[in-house]
Amino acid sequence: MIQTVDSKKLEKAEAKLKAKHERRNERDSQKTPGPLVLEEASASQASNKKDNRVDASGRNRSYDVRIENFDVSFGERSLLQGAELTLTSGRRYGLIGRNGLGKTTLLRMLASRSLRVPAHVSTLHVEQEVEGDDTPALRSVLQSDGVREGLLAQERRLNARIAAGAVGLALSVCRLSEIYAKLEEIEADKAPARASVILAGLGFTPRMQQQTTKEFSGGWRMRLALARALFARPDLLLLDEPTNMLDVRAILWLENYLQTWQSTILVVSHDRNFLNAVVTDIVHLHSQRLESYRGNYENFVKTKEDRLKNQHREYEAQLQYREHIQVFIDRFRYNANRAAQVQSKLKLLEKLPELKPIEKESEVTLKFPDNFEKLSPPVLQLDELEFYYSPEQRLFGGLCVSADLESRICIVGENGAGKTTLLKLLMGDLTPVNGIRHAHRNLKIGYFSQHHVDQLDLNVCSVELLLNKPEEDRHQLGRYGITGELALRPVASLSGGQKSRVAFAQMTMPCPNFYILDEPTNHLDMETIEALAKALNSFKGGVVLVSHDERMIRLVCKELWVCEAGAVRRLEGGFDEYRDVLQEQFRREGYL
């Protein structure tokens, strides 16, 4: 039997294949996110009728959270598409991903139950600071346990009824016995001591625990909100950058405390060491989806690298297979004897799964310009300096410290020990009561603080903030990862980490030869922290920073200054020695 090539059929099959690829390309191009509209976040998910019925009936006793096929968006921008999230009861999850991808938004969707969390699973999202009023700090923490508070209120009412000889005395006594049994079951008598330990671990002295909440600053009220959440022990605890508000001592205590946490935690954190110490699983948000990994952050890095290598091998193998088929088609396209095989190969090519190159997240790079002359040391010095805001509260006395263009100094200490005050004395923003500040005449300081981030004009775009020639501003912002349409969005629409990058771009425009940085890692993702550390290490000028991020300190700093008891002392053993000192302090004070 003689076969002939049906050219019309062949053209039709090839046209169909081409049209299919064009439709895919068109869909992919439509997925490119447009400008962010400042609207509310929203979430939607496919309805699972079986789970809904079980949940509504009250028969669901599992404390696992499983959410399938859900989307999350912010305004017109899609953050997650067809995502899945499983949180197994009792495990501690670290939610990671680049700045601006939607980690905080996802926590808010879970907390507001815009995404379906079983009705009997209590959730608590530590996001807003405690409202200041006349309630003492310790009492505020105790009030967060609604069950205990409710039982104590019933106890008071029943005792009042019994004392007044009200009707139904026997019933009241019987009910009171039940209340006492429940209070004993939840160990209500131990609650004040437990609340006090939590507050002390987070830095509240006995005197501070008796102060009213309105006496505290915003940072301390955020710590109070965290203390309330830890005391209340919800079934699902949602934490967003909890280490941002804490000093190294409090972070170390929190790490130890959360390691024994019995229910589920989902925490967003940029602190690599904190994640390594606390979490049992990692949830990685990227490419509008969520991927789960067992183990801490270091295990995630290794597993992710292995996955990417395997995916790349599979991609290369599939690519070679496609090319092999295409070579056959091209070779025998007009061979009548191979017409059936060509048609078969075309159909096979069409049915092959869509090939996508391996997505690798772009590398973050930061650069601090250093085109300046070398300055002879010391370029900055405080000599026998004394400072206080009031004579009754002396912060520093006989202070002698110095820094030069080779310096990589980290200042640590408890909140309130004077770290930020020391930075302002170094900059000359505060005048000492006694002593001398000496600065080289050509010293040019660049200063970064979270207040700079808070004070950015939210109504303009990043390019407008820098107030130079637009092309220069775009180039400068590009050095800090604010590129493309991101630079033209209103600052209000940027994530905390993106705002920090804009603040870095502003700070470095005048090309300082010395940087003083107050908590520069707050809100930055881990990739940007690594890039910041590299940039500071390659910078030719001096660096003094206040930081609680252990990895940042280890990567950058050669000296460690500890602020405590009105003095600044240099630790020869660096961060390891400081960590050992704190651990011993915890053991001595009974917090571990």
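Numbers given for residues are sequential positions, taken from 1 along each chain in its written order. At least 70 in pLDDT is required for a residue's local features to be given in this predicted model, at least 80 for side-chain atom pairs to be given and counted, and no such filter applies to totals for whole chains, interfaces and linings, which use all residues. Values reported for side chains reflect all heavy atoms of the structure, with hydrogen atoms and water molecules removed beforehand.

Under the annotation held in an unreviewed UniProt entry, the chain carries the name ATP-binding cassette sub-family F member 3 and is attributed to Anguilla anguilla. UniProt positions are given in the numbering used here, feature names are shortened, and annotations may be inferred rather than shown by experiment. Looking at the chain in UniProt, the text filed under Sequence similarities (unreviewed entry) is "Belongs to the ABC transporter superfamily. ABCF family. EF3 subfamily."

Peer 1: What should I look at first to understand helix α14 (residues 419-427) in this one?
Peer 2: One full turn of an α-helix is made of 3.6 residues, so residues set three or four places apart face in the same direction. Burial classes follow relative accessibility: with a 1.4 Å probe on protein chains only, a residue under 20% of its type's maximum area counts as buried, one over 50% as exposed, and anything between as partly exposed. Starting at the N terminus, helices and strands are each numbered in turn, a helix being any DSSP run of H or I of at least four residues and a strand any DSSP run of E of at least two. Most of α14 is tucked away, with 7 of its 9 residues classed as buried. For α14, the complete set of buried residues consists of Lys 419, Thr 421, Leu 422, Leu 423, Leu 425, Leu 426 and Met 427. Just downstream of α14, Gly 428 is the residue with a positive phi angle, here 85°.

Peer 1: Explanation requested: the packing of aromatic side chains in the structure shown.
Peer 2: The pairing test for Phe, Tyr and Trp rings, Trp by its six-membered ring, is centres within 6.5 Å, and the orientation test on the planes gives stacked under 30 degrees, edge-to-face over 60, and tilted for anything in between. Here the structure, examined in full by the defined rule, presents 15 aromatic pairs. Seen in terms of ring centroids, Trp 253 and Tyr 257 are 4.8 Å apart; in terms of plane orientation they differ by 25°. Their pairing is stacked. Taken together, the residues span about one helical turn, with Trp 253 and Tyr 257 both in helix α10 (residues 248-258) at a distance of 4 residues. Of the residues examined, Trp 253 reaches a relative accessible area of 1% and is grouped as buried. Here the aromatic rings of Tyr 257 and Trp 261 are separated by 6.4 Å at their centres, their planes lie at 55°, and the arrangement is tilted.

Peer 1: It is not clear to me how the sheet that holds strand β9 (residues 289-294) should be interpreted in this structure. Could you clarify?
Peer 2: Adjacent strands of a sheet pair through backbone hydrogen bonds, lying either parallel or antiparallel. Ordered in space as β5-β6-β7-β4-β8-β9, the 6 strands form an open sheet in which the pairing is mixed. Looking at which strands have only one partner, the edges of the open sheet turn out to be β5 (123-126) and β9. With direction set aside, neighbouring strand axes in the sheet form an average angle of 20°. Two strands are said to pair when DSSP picks up at least two bridges between them. Where β5 meets strand β6 (residues 236-240), 4 bridges bridge the pair, whose relative direction is parallel. Note on β6: the bridge partner recorded for His 125 is Leu 238. With respect to the sheet, helix α3 (residues 103-111) is in contact with β4 (92-96), β5, β6, β7 (264-268), β8 (281-286) and β9, its orientation differing from that of β6 by roughly 150°. Only the stretch in contact is used when fitting a helix axis, every axis being a line fitted to C-alpha atoms; angles between N-to-C directions are given from 0 to 180 degrees. The contact definition used throughout considers only heavy atoms, calling two residues in contact when any of these lie within 4.5 Å.

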